[in-house]
Protein chains: 2
Amino acid sequence: MTHPRKPARRPNKILGGLDAAIDACGLRDGAVVSFHHHLRNGDGVLNAVMAAIARRGLKDVTVAASSLFAVHAPLVRHIEEGTVGGVSAGFIAGPVAEAISRGLLARPARLLTHGGRARAIAAGELVIDAAFVAAPAADPFGNLNGVDGPSACGALGYPQVDAAHAKRVVAVTDHLVPYPACPIAIGQECVDFVVVLASIGEAAGIVSGTTRPTGEAAGLAIAALAARVIEAAGLLADGFSFQTGAGGISLAAAAEVRRRMQALGVVGSFASGGITGQHVAMLEEGLFRTLLDVQCFDLEAVRSFARDPRHLAMSAARYAAPGPRGAVVDALDAVILGATEIDRDFNVNVTTGSDGVLMGGSGGHADTAAGAGLAIVTSRLTAGANPKLVERVRTLTTPGATVDVVVTEAGLAVNPARGELRARLREAGLPVLGIDELLARAAAAADRPASPRAEGRTVAEVEYRDGSVIDTIPQARPQAR
Amino acid sequence: MTHPRKPARRPNKILGGLDAAIDACGLRDGAVVSFHHHLRNGDGVLNAVMAAIARRGLKDVTVAASSLFAVHAPLVRHIEEGTVGGVSAGFIAGPVAEAISRGLLARPARLLTHGGRARAIAAGELVIDAAFVAAPAADPFGNLNGVDGPSACGALGYPQVDAAHAKRVVAVTDHLVPYPACPIAIGQECVDFVVVLASIGEAAGIVSGTTRPTGEAAGLAIAALAARVIEAAGLLADGFSFQTGAGGISLAAAAEVRRRMQALGVVGSFASGGITGQHVAMLEEGLFRTLLDVQCFDLEAVRSFARDPRHLAMSAARYAAPGPRGAVVDALDAVILGATEIDRDFNVNVTTGSDGVLMGGSGGHADTAAGAGLAIVTSRLTAGANPKLVERVRTLTTPGATVDVVVTEAGLAVNPARGELRARLREAGLPVLGIDELLARAAAAADRPASPRAEGRTVAEVEYRDGSVIDTIPQARPQAR
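Residues numbered from 1 in each chain as written. Chains lettered and ligands numbered in written order. Predicted model: local features only at pLDDT ≥ 70, side-chain atom pairs only at ≥ 80, totals over all residues. Heavy atoms only, no water.

1. Observations concerning the nonpolar core
Within the largest apolar cluster, 119 residues are counted, with the highest numbers of intra-cluster contacts made by Leu-27, Val-33, Met-50, Ile-92, Ile-100 and Phe-132 of chain B. The contacts of Leu-27 of chain B, once residues within four sequence positions are left out, are Ile-22, Val-33, Ile-53, Leu-58, Asp-129, Ala-130 and Phe-132 of chain B. Membership of the second largest hydrophobic core comes to 118 residues, among which are Leu-18, Phe-193, Val-406 and Leu-439 of chain A. (Core = buried A, V, L, I, M, F, W, Y, C linked by side-chain atoms within 4.5 Å. Buried < 20%, exposed > 50% of the residue type's maximum accessible area, 1.4 Å probe, protein only. Contact = heavy atoms within 4.5 Å.)

If you want it as structure tokens, here you go:
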């Protein structure tokens, strides 16, 4: 018989700082470290951790983030100095995106979908040595939540996946609470260490400028037409489920859908994805029974998430991971998405700009398009002088086979595979054009033709949600900058 | 470029019945199937599933349950007929326990602790082919909770571990709700199939008779002394955390602790484990800030769990799994536990009766003793004619190294390793005797000496929370029955 000794009491996981955490995690050259983007453009954790990693002289580290924003500009220097040799993320904007396009990274960046990232982590394809979780509130054992403290951001859907699978997990907080944290979004069973910083972020940056509806006429016309498509498709009935992206047209379309649901007295089942105050209002008006929230996009959503038991959190896995068990996206009736470019095959690019420079990525775009019964992509015909409907997208983000309807200010096009839907929309008197017609109108409205796709060294790979690489991004030509 | 096809809409996971689920899970001879015990002695799911498995002619199946009760008596026939060849559980009582003691099982049963079971599942030592989750409410995609429907049982801490790791997971419900279930205790990302039965259990059996405080004088004296030990140890201060077992003396001790906390104006941090109406009252009186609930023991707890955000769920892993990240038990200030036998080395048996027959098991006993700063084991000196304090426990459930104080109606004994505690209790005027003295008094009070431990074929193995086998149980002698 063994007589185990009583273990030490209350294993306090608080370390003296990020340097100590990097040591405690045993990070070495080539390590993979992960981050989440719930603090959006106000995030202070990634920069603080990467500065510490640089101080410790590590090289060739891979940053596996759920998304990267302008605030993460200091990463460019870490790339230049060899501290960082790889980047993967669901969305990359700002100076880091530009640096990747310039060919600064040692290895091609990997662009994932939010659901694909969750799948890759769970499948062991994306192995994380240490996940650094920006924790608006945490207790000394590492139980943490997103609803308390000065950097409250609400739901924590992305790091829930990292924390469940990473070899080491570090909670980084500026709001240490007594044990136990309440509520608990990520539990102590997933957390190795706790680091307390003076601040984990800037509250002002947590609400992104992308989360306001458009006020511009063409955008409003597109939004109204998108809402009419949903209604004409017969979806505005009890049980309706809905998601929009965070772009201005999508949010205006959501406002249109809201008005129609009010008029029809429809009680939907859920709205999902990144949640805004508008979704909260729809929940409180009884237009939806629940919200399924992977990330709060504004402070009204944060407040609702903290107080309303119908406002449910979902991990990125539950939200969007592909697989036989299905995700929330597979239960979606309709999603309204944006586009940088749309092509003749209904393929969508939200990854690169018209200059071929990386400026975004799928996030949940490809996931929701694949899952939703009706995936509507909205777009103006042109952006500045450039056509947005083009012969072939510069970068494939979301395959056309998963896009059902394209809505522009000039009218809409239905995917040829959806003949019945096309007939319905025609019957409802909607302006159903062909995709060829939309391309022609875009070409006519544009001041110049779409520039040809560049050739050159691959600086980034676009990984579809199932793990397959569906496109590559060539290095941006110097003149394009 | 690949152009993935749009997947089928809304993957409905509802199967026609348990037979279809067994087929869909691909179960074969030798499969391991798991169950949880939140419906306690009212559970109808294990029996229904095992009847279906027997109908399909499977042989040598292992039943990996969190606990087994008298209601699971039909399992005896499945063992006799070879359908079931192995059993593992944290606690086994009733006809199945007796059958195991008689040597009916092909392989020795495996007795786990609740935390050790979670550890073994997560570590891949206990590989579950199919987990059958009794789900008081579930939606067609398999999101499920324990708070809605006619069989509402509250928290679902045990199956959360099974569902996270089993190869296939089947939600078995009698209350199908529209998508999405709200709240969600186990999400669709963990669930393969949904089966709807007319009933998953008998509400009356969900509340076990073990969850009422003792009213008997010696028991009340023991309870009062246990509470005085906690106070004298200096633990009744703000932040105090506490757990009791579900035995009558433990519950009476909790009532004593409650009165002392009220008198002192102490605000504790949490009460944990199986939660009763008494814990709920203490939460509502402000005596604890939170409850950490792995399983609701009565209907008042179920009601509180459904409505009070301070009443938190915890999985068995968060609750009690050993490992470097620590569990809730490692944050416990004090736990009050029961005993069938206690020996000179403070070892405790709650696994077999004085006749050597299997009648229980650790559950969380060994986990909380190992974690808590002060582990108090309460016991009367005798049970019927038999001494309960003995030279050597018949079966080792909880190693004496993790037991700090033994409290009886004759006085208490402090583990020699806790000299400072012993001095404190003496100073406080508590009746501190030695363990030898307690043994002597028990022997004097008993009508007969402890019967010797039987020898013979091993019918069950006692696995400590770290996975090591710390004892074996020999086949019960025929005369003992």
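2. Comments concerning the relation of the copies chain A and chain B
Superposition of the two copies of the chain requires a rotation about an axis together with a shift along that axis. Once chain A has been moved 0.0 Å along the axis and rotated by 180°, it coincides with chain B to within an RMSD of 0.0 Å. Taken together, the rotation and translation relating the two chain copies correspond to the operation of a two-fold axis. Relative to the rotation axis, the closest C-alpha in chain A is found at Pro-309 of chain A, a distance of 4.3 Å. Looking at chain A, 100% of its interface residues are interface residues in chain B too, so the copies touch through the same face. (Least-squares fit on C-alpha atoms with pLDDT ≥ 70 in both.)

3. What to know about the interface of chain A and chain B
The partner chain B presents 69 residues to the 69 residues of chain A that form the contact. Both sides together, the interface formed by chain A and chain B hides about 4,900 Å², and carbon and sulfur atoms give 53% of it. Run the count over chain A and chain B and you get 14 residue pairs in polar contact (both at pLDDT 80 or more). Elements with a contribution of two residues or more to the side of chain A that touches chain B: β9 (168–173), β12 (268–275), β13 (288–296), α12 (316–320), α13 (365–371) and β26 (469–474) of chain A. When its residues are assigned to classes, the side of chain A that touches chain B shows 35 nonpolar, 17 polar and 17 charged. (Buried area = accessible area lost by both parts, 1.4 Å probe. Polar contact = N/O pair within 3.5 Å; in protein donor to acceptor, adjacent residues only side chain to side chain. Helix = DSSP H or I, 4+ residues; strand = E, 2+ residues; numbered from the N terminus. Nonpolar A, V, L, I, M, F, W, Y, C, P; charged D, E, K, R; others polar.)

4. Overview of the domain arrangement of chain A
All names here are of chain A. The domains assigned to chain A are domain 1 (14–206) and domain 2 (210–452). For domain 1 and domain 2, the distance between their C-alpha centres works out to 29 Å. Of the residues lining the interface, 30 residues belong to domain 1; the matching set on domain 2 comes to 30 residues. Across the domain 1/domain 2 interface, buried area totals approximately 2,100 Å², and carbon plus sulfur atoms make up 64% of it. In terms of surface lost to domain 2, no three residues of domain 1 exceed Arg-40, Ala-155 and Tyr-158, which account for 20% of the buried area on that side. (Domains from an automatic or database assignment.)

5. Concerning the sheet that holds strand β21 (residues 389–390) of chain A
All names here are of chain A. Strand order in this open sheet of three strands is β17-β16-β21, and the pairing throughout is mixed. Each end of this open sheet is capped by a strand with a single partner; those strands are β17 (348–349) and β21. As paired strands, strand β16 (residues 341–343) and β21 are joined by two bridges and run parallel to one another. Bridge pairing links Asp-343 to Val-390 in β21. (Pairing = 2+ DSSP bridges.)

6. Things to note about the confidence of the model for chain A
Scored by pLDDT, chain A comes out at a mean of 94, with 96% of its residues at no less than 70. Reported confidence for the predicted complex is 0.95 by ipTM and 0.96 by pTM. (pLDDT = per-residue confidence, 0-100.)

7. Some thoughts on the sheet that holds strand β16 (residues 341–343) of chain B
The strand order across the open sheet formed by three strands is β17-β16-β21 (chain B), and the pairing between neighbours is mixed. If you trace the sheet from one side to the other, it starts and ends with β17 (348–349) and β21 (389–390) of chain B, each paired once.

8. Thoughts on unusual backbone geometry
Residues Tyr-179 of chain A and Pro-180 of chain A are joined by a peptide bond in cis, for which omega reads -10°. Within the secondary structure, Pro-180 of chain A sits in the loop between β9 and β10 (193–196). For Phe-346 of chain A, which is not glycine, the phi dihedral falls at a positive 70°. Structurally, Phe-346 of chain A can be placed in the loop between β16 and β17. Of note in this structure, Arg-40 of chain B is not a glycine but carries a positive phi near 45°. Inspection of the secondary structure puts Arg-40 of chain B in the loop between β2 (32–35) and α2 (45–55).

9. Here's the deal with helix α8 (residues 217–232) of chain B
Because each turn of an α-helix spans 3.6 residues, side chains separated by three or four positions in sequence point in the same direction. Its 16 residues give α8 of chain B an end-to-end C-alpha distance of 22 Å, which sits within 8% of 22 Å, the value for a rise of 1.5 Å per residue. Of the residues flanking the end of α8 of chain B, it is Gly-234 of chain B, one or two places downstream, whose phi is positive at about 85°. (Expected span 1.5 Å × (residues − 1).)

10. Considering the packing of α8 of chain B against helix α9 (residues 248–264) of chain B
All names here are of chain B. Across the interface, α8 lies against α9 with an axial gap of 8 Å and an inter-helix angle of 45°. One element, α8, and the other, α9, form an angle in the oblique class. Considering only the axes of α8 and α9, their crossing is right-handed. Of the residues in α9, those touching α8 at Gly-219, Leu-220, Ile-222, Ala-223, Ala-224, Ala-226, Ala-227, Arg-228, Ile-230 and Glu-231 are Ile-249, Ala-252, Ala-253, Glu-256, Val-257, Arg-260 and Leu-264. Residues that form the contact of α8 with α9 fall into these classes: twelve nonpolar, one polar and four charged. (Axes fitted to C-alpha atoms, helices over the stretch in contact; angles between N-to-C directions. Parallel < 35°, antiparallel > 145°, perpendicular 65-115°, else oblique. Left-handed = near helix turned anticlockwise from the far one by under 90°.)

11. As for the pairing of strand β23 (residues 411–414) of chain B
Residues and elements named next belong to chain B. Burial along β23 is two-sided: Gly-411 and Ala-413 facing one way and Leu-412 and Val-414 facing the other are all buried. Inspection of the sheet shows strand β22 (residues 405–408) paired to β23 by four bridges, in the antiparallel sense. When the sheet's bridge partners are listed, Val-405 is paired in β23 with Val-414. Adjacent in sequence and paired antiparallel, β22 and β23 are bridged by two residues. Relative to strand β24 (residues 432–433), β23 runs parallel, the two sharing two bridges. Looking at the pairing, Ala-413 lines up with Leu-433 of β24.

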